[in-house]
Amino acid sequence: MTAGAWGEAIDRMLGRIQDTAARVKDGFPHWADPETGQWTTTRDGDWTGGYWLGMLWLAAATTGDARYRSWAAPLAERLRARIDAETVFKAFPAYYGLALGAILHDAPGPRDIALSTARSLARLYAPALRLVPLGTQAEEGAHIGATESSIDSLQAAMLLFWAAGVTGEQTLGEVAANHAETIIHLHLRPEGSFIQSSSLDAATGRLVRHYTHKGVSDTSTWGRAQAWGMLFSTQSYLADRRREAWIAAAVRGADWWLAHAPADRVAFWDFDDPAIPNTERDTAATAIATAALLKLSRVAPTGPGQVRYREAAEATARALVERYLTPTRPDDRRVPGMLTEACFNKRTDARPQDRANRCEFIVGSYYLFESLLGLADRIDPLRV
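Residues numbered from 1 in each chain as written. Predicted model: local features only at pLDDT ≥ 70, side-chain atom pairs only at ≥ 80, totals over all residues. Heavy atoms only, no water.

Draft legend 1. How the structure looks around the overall build of the chain. Summing up its helical and strand segments, the chain has 12 helices and 7 strands in all. In terms of C-alpha radius of gyration, the chain reaches 19 Å, essentially the compact-globule figure of 21 Å for 384 residues. Along the longest, intermediate and shortest principal axes, the C-alpha atoms of the chain span 60 × 45 × 45 Å. Residue burial in the chain is summarised as follows: out of 384 residues, 62% are buried. Expressed as a percentage of contacts within the chain between residues at least 6 apart in sequence, the contacts between residues at least 24 apart total 67%. Computed over 42 positive and 45 negative side-chain charges, the separation of the two mean positions in the chain equals 2 Å. (Helix = DSSP H or I, 4+ residues; strand = E, 2+ residues; numbered from the N terminus. Rg over C-alpha atoms; globule rule 2.2 N^0.38 Å. Buried < 20%, exposed > 50% of the residue type's maximum accessible area, 1.4 Å probe, protein only. Contact = heavy atoms within 4.5 Å. Lys, Arg positive; Asp, Glu negative; His and termini not counted. Charge placed at Lys NZ, Arg CZ, Asp CG, Glu CD.)

What follows is the structure in structure tokens.
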């Protein structure tokens, strides 16, 4: 597809962003009912709230409409309360909700809060483990604390690398590099899939066991784990292009995804669910993978690889838009521009606010929006 062909889908998503801003006056969008468009929100942003701000920063940068920045600014200030949270996952809102405001708009307030969060994150670093552990306030149903880690937490390297580049503080860069190196090594399986979670020995940092917080079993490949591994390995490499092992991990993860995703491109929630094909899809995992593939199409080590990932990104984005992005059509009463059929959390011990699947999930919506803007040449996918 040409760059201009993505415009109608982008317009649908911009309409949903405006609809969300009108609906959500207090709190941060978390997930929404796909029939009514009504959002379940979090008061402090949790780990997902930064993605809403990220959509606003992207919309402002690509449309020039000042309304989007005006909606983002007060919510960014509310993330100040998350600076010292005892969780590695505070890096998600700090990067997407705050650092993106600095990257795209040179916004001083969001920059300052993001830098303070990065410094606080670095203080949680465990030298014996050579990573930032999940932490006692991690947003999981169980298995949290000082000796647990996950592929999801690789995202923290993005915030730390960004902060090191802005401030020149060497410690931030060292923590980022050690964290990325350890997380990728721990969670990438030999055949190219990513296991979500790990328990480590507190004294030595050695692996005690692998498991999954959110997949169908402790040995399965949870869809979002694979997508996170692809994306954050790529972004870690973008921050330090000397690390050839990181781009190699991203490529192996992407190749595994392309070999195991269904023919129609949209992944099931867990690649090993025995109920496939009679189980949930996960458009959020698929949108994350799309963003990873688009970035890899620019930096993969070979020209043929770059072409392959670009074609895969386009085909996957098209599948999401054509089948799961609610249309603007008189016979469809749903709000246009919602990315439906995201599988947020199927765990029985999930927090009440997380017990949702077949929903619109703010995380998936962000990555589809970012990907569409990149495919339309409205934003450089390597910049964000």
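Draft legend 2. Geometry of the pairing of strand S1 (residues 28-32). Most of S1 is tucked away, with 5 of its 5 residues classed as buried. Between S1 and strand S2 (residues 39-42), which follow one another and run antiparallel, lie 6 residues, and Gly37 among them has a positive phi close to 80°. Pairing of S1 with strand S7 (residues 357-361) involves 2 bridges; the strand directions are antiparallel. By the bridge assignment for S7, Ala32 is matched with Glu360. (Pairing = 2+ DSSP bridges.)

Draft legend 3. Representation of the sheet that holds S1. Strands sit in the order S2-S1-S7-S6 across an open sheet of 4 strands; the sheet is antiparallel. Every other strand in the sheet has two partners, leaving S2 and strand S6 (342-343) as the edge strands with one partner each. Lying over the sheet, helix H1 (residues 7-23) contacts S1, S2 and S7, oriented at roughly 65° with respect to S2. (Axes fitted to C-alpha atoms, helices over the stretch in contact; angles between N-to-C directions.)

Draft legend 4. Focus on the pairing of S2. Two elements, S1 and S2, share 4 bridges in a ladder whose sense is antiparallel. Each bridged residue has a counterpart across the sheet, and for Phe28 the counterpart in S2 is Thr42.

Draft legend 5. Spotlight on the environment of Arg298. Among the structural elements, Arg298 can be located in helix H10 (residues 283-299). A relative accessible area of 43% places Arg298 in the partly exposed class. Dropping the residues within four chain positions of it, Arg298 is found in contact with Gln306, Asp380, Pro381 and Leu382. A distance of 3.0 Å separates polar atoms of two side chains, one belonging to Arg298 and the other to Asp380. (Polar contact = N/O pair within 3.5 Å; in protein donor to acceptor, adjacent residues only side chain to side chain.)

Draft legend 6. Highlighting the packing of helix H8 (residues 223-239) against helix H9 (residues 244-260). Running from N to C, H8 and H9 point in directions that differ by 150°, and their axes come no closer than 8 Å. One finds that H8 runs roughly antiparallel with respect to H9. The handedness of the crossing between H8 and H9 is left-handed. Along the contact surface, H8 presents Gly223, Gln226, Ala227, Met230, Ser233, Thr234, Ser236 and Tyr237, while H9 presents Trp246, Ile247, Ala249, Ala250, Gly253, Ala254, Trp256 and Trp257. Among the residues forming the contact of H8 with H9, the class breakdown is 10 nonpolar, 6 polar and no charged. (Parallel < 35°, antiparallel > 145°, perpendicular 65-115°, else oblique. Left-handed = near helix turned anticlockwise from the far one by under 90°. Nonpolar A, V, L, I, M, F, W, Y, C, P; charged D, E, K, R; others polar.)

Draft legend 7. The pattern of salt bridges, seen in detail. As enumerated under the stated definition, the model contains 29 salt bridges in all. The residue Asp240 makes a salt bridge to Arg242 at a minimum N-O spacing of 2.8 Å. Linking Arg323 and Asp264 is a salt bridge whose minimum nitrogen-to-oxygen distance equals 3.1 Å. Of this pair, Arg323 sits in helix H11 (residues 303-324) while Asp264 sits in the loop between H9 and H10; the two residues are 59 residues apart in sequence, bridging distant segments of the chain. Taken together, the shared-partner salt bridges connect Arg16, Asp19, Arg23 and Glu360 into one network. (Salt bridge = Lys/Arg side-chain N within 4 Å of Asp/Glu carboxyl O.)

Draft legend 8. The arrangement of the packing of aromatic side chains in detail. Tallying each qualifying case throughout the model produces 21 aromatic pairs. Centroid distance Tyr51 to Tyr96: 4.5 Å. Interplanar angle 25°. Geometry classified as stacked. Taken as a pair, Tyr51 in helix H2 (residues 49-63) and Tyr96 in helix H4 (residues 91-105) lie far apart in primary sequence, 45 residues in all. For Tyr51, a relative accessible area of 0% translates into the label buried. Here Tyr95 and Tyr96 contribute two aromatic rings whose centre-to-centre distance is 5.0 Å and whose plane-to-plane angle is 85°, an arrangement assigned as edge-to-face. The same class applies to Tyr95 and to Tyr96, which are both buried. (Phe/Tyr/Trp six-rings, centres within 6.5 Å; stacked < 30°, edge-to-face > 60°.)

Shape descriptors only; they carry no functional weight alone.
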